[in-house]
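A structural walkthrough
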Amino acid sequence: MCIRDRSQPAQVGGNLFAGLGGTGQKSQPAQNVFGLGTGASVSTGGANAFEKYNITMEQFEQFWTSINDETIENFLNTKVTTENAFREFTNKVNFNVIEVIGNEVICSSRYKPTNEFVLLYGSYESSGKLEVRLKSKNKNIINEVIKNVKNYTTSNTSTNGSGLLNLF
């Protein structure tokens, strides 16, 4: 199965990500869609190195459980306090929102240079706490996403002139 229209949810079953590498490239089996392994290098292209990718909730769950390593990062960010603010955040870091359940948001993205995928499970609180859980077979891509999240959270927080963050 070759996915041609990325604006539509991918169909369940078959080889979900076959043909994403373009014409002439061999399709990867579904269980290997997330990576070249943890040794693959990652350039620092920022959020522009990622693109939103639309998968179903069922596909997200399948891939989430197939990857053992999980990275959890917590941020104090007074801007991400609502669903709309979280959607703005995911838009800036190029993640596609798959599903929203209360204050929890499930997302996916693709790292364009290596065609590897990263999954994000995030939650926010009205107090400003933002928790991001990431999974990818490539730890370097996770580190790049964390850097993009930090850039987003710090660029939206003001300082009091002494270099200390105004958190209240």
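In the block above lies the structure referred to throughout.
One structure accompanies this document, and this report is about it. (Residues numbered from 1 in each chain as written. Predicted model: local features only at pLDDT ≥ 70, side-chain atom pairs only at ≥ 80, totals over all residues. Heavy atoms only, no water.)

**Overview of the nonpolar core**
The line we're drawing: Residues belong to a common nonpolar core when they are buried Ala, Val, Leu, Ile, Met, Phe, Trp, Tyr or Cys residues joined through side-chain atoms within 4.5 Å. Three labels apply to residues, based on accessible area from a 1.4 Å probe with only protein chains included: buried if under 20% of the type maximum, exposed if over 50%, partly exposed otherwise in between. Per the convention used, a helix needs a DSSP run of H or I reaching at least four residues, while a strand needs a run of E reaching at least two, with both numbered from the N terminus. Between two residues, a contact is recorded if the distance between any of their heavy atoms is within 4.5 Å.
Phe86, Phe89, Leu130 and Leu134 are the most contacted members of the largest nonpolar core, which totals 24 residues. Every element with two or more residues in this core is listed here: helix H2 (83-92), strand S4 (104-111), strand S5 (116-124), strand S6 (129-135) and helix H3 (139-155). Of the residues forming this core, the biggest block, 6 residues, is contributed by H3. Residue contacts for leucine 130: discarding those within four places in its chain leaves Glu73, Asn74, Phe75, Val80, Phe86, Phe89, Ser123, Val149 and Thr153.

**Quick look at the pairing of S5**
Rule in force here: In short, DSSP must find at least two bridges between two strands for them to pair.
The element S5 is largely enclosed, with a buried count of 8 among its 9 residues. Bridge count for S5 against S6 is 6 bridges, and the pairing is antiparallel. Across the sheet, residue serine 123 finds its bridge partner in S6, namely glutamate 131. The hairpin turn running from S5 into S6, its antiparallel successor, is 4 residues long, and glycine 128 in that turn takes a positive phi close to 110 degrees.

**What to know about unusual backbone geometry**
In this structure, asparagine 94 takes a positive phi of about 60 degrees despite not being glycine. Take asparagine 94: its relative accessible area is 17%, and that puts it in the buried class. Phi is positive for asparagine 115, close to 60 degrees, though the residue is something other than glycine. Along the chain, asparagine 115 falls in the loop between S4 and S5.

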